[in-house]
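Residue-level structure breakdown
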Amino acid sequence: MKKILLVVCLCASSAAFATPAIWTGNKQKIETPSGGTKWKCEYKIAYTMQMILFWRTFSDACPSEVEVYF
């Protein structure tokens, strides 16, 4: 029972560390092995003084904002 409670608390506390990331406008077209197309999109974490950039891949267009969990 204590292990289940610990897992529930950890999952609930992780939502407190979510922050939005804003699309920078940079994207790259990627061809999949099956011949499809995906988009690799660059994001900047919002509300930070440091420049934190990362890339995410989507099958459709790049969303203007995504959630990032620490």
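Here goes a summary of the coordinates provided. Think of each chain on its own: its residues are numbered from 1, step by step along the sequence as written. Local features in this predicted model are restricted to residues of pLDDT 70 or higher, and side-chain atom pairs are both shown and tallied only at a pLDDT of 80 or more, whereas totals for entire chains, interfaces and linings draw on every residue. Calculation of side-chain values draws on the structure's entire complement of heavy atoms; hydrogens and water are dropped beforehand.

The subject of this paragraph is the overall build of the protein. Helix numbering and strand numbering both begin at the N terminus, where a helix is a DSSP run of H or I of at least 4 residues and a strand a DSSP run of E of at least 2. Tallying secondary structure elements over the protein gives one helix and four strands in all. Its helices and strands in sequence order give the protein the pattern α-β-β-β-β, from N to C terminus. In this scheme, a residue with accessible area under 20% of its type's maximum is buried, one over 50% is exposed, and one in between is partly exposed, where area comes from a 1.4 Å probe on protein chains only. The 70 residues of the protein split such that 20% are buried. In what follows, residue pairs with any heavy atoms lying within 4.5 Å of each other are defined as contacts. Long-range pairs, those at least 24 residues apart, make up 36% of the contacts in the protein between residues at least 6 apart in sequence. Note that accessible areas follow from Shrake-Rupley with a 1.4 Å probe, and for residues the cover is restricted to the protein chains shown. Surface accessibility of the protein: about 5500 Å² in total, with carbon and sulfur atoms responsible for 63%.

On to the environment of Y43, then. Positionally, Y43 belongs in strand β2 (residues 37–45). Along the backbone, Y43 and W23 are 20 residues apart, and their C-alpha atoms lie at a distance of 4.4 Å. In the analysis that follows, any N or O atom pair within 3.5 Å is treated as a polar contact, provided that within protein one partner can donate a hydrogen and the other can accept it, and provided that, for residues neighboring in sequence, both atoms belong to side chains. Reaching out from Y43, the side chain makes a polar contact with the backbone oxygen of P63 at a distance of 2.7 Å.

With that settled, consider the side chain of T19. Checked against the element boundaries, T19 lands in strand β1 (residues 18–31). Residue T19 is classed as buried on the basis of its relative accessible area, which comes to 14%. Sequence-distant contacts of T19, defined by excluding residues within four places in its chain, comprise I45, A46, Y47, V66, E67, V68 and F70.

Read across the open sheet, the four strands follow the order β3-β2-β1-β4; overall the sheet is antiparallel. Pairing within the sheet leaves two strands with one partner each, and these edge strands are β3 (53–58) and β4 (65–69). The sheet shows a mean angle of 40° between the axes of neighbouring strands, taken without regard to direction. Here β2 pairs with β3 via six bridges, running antiparallel. The residue of β3 that forms the bridge with E42 is W55. Paired strands, as defined in this entry, are two strands with at least two bridges between them according to DSSP. Fitting a line to C-alpha atoms yields each axis, with helices limited to the stretch in contact; the angle taken between N-to-C directions then spans 0 to 180 degrees.

Our next topic: the nonpolar core. What is meant by a nonpolar core is a set of buried Ala, Val, Leu, Ile, Met, Phe, Trp, Tyr and Cys residues, joined one to another through side-chain atoms within 4.5 Å. One finds A21, C41, Y43, I45, F54, F58, C62, V66 and V68 forming the largest nonpolar core, which totals nine residues. When residues of this core are traced back to their parent elements, those giving at least two are β2, β3 and β4. Broken down by element, the residue count for this core peaks at three residues, all from β2. In this structure, F54 is in contact with A21, C41, E42, Y43, I45, V66 and V68, ignoring residues within four places of it in sequence.

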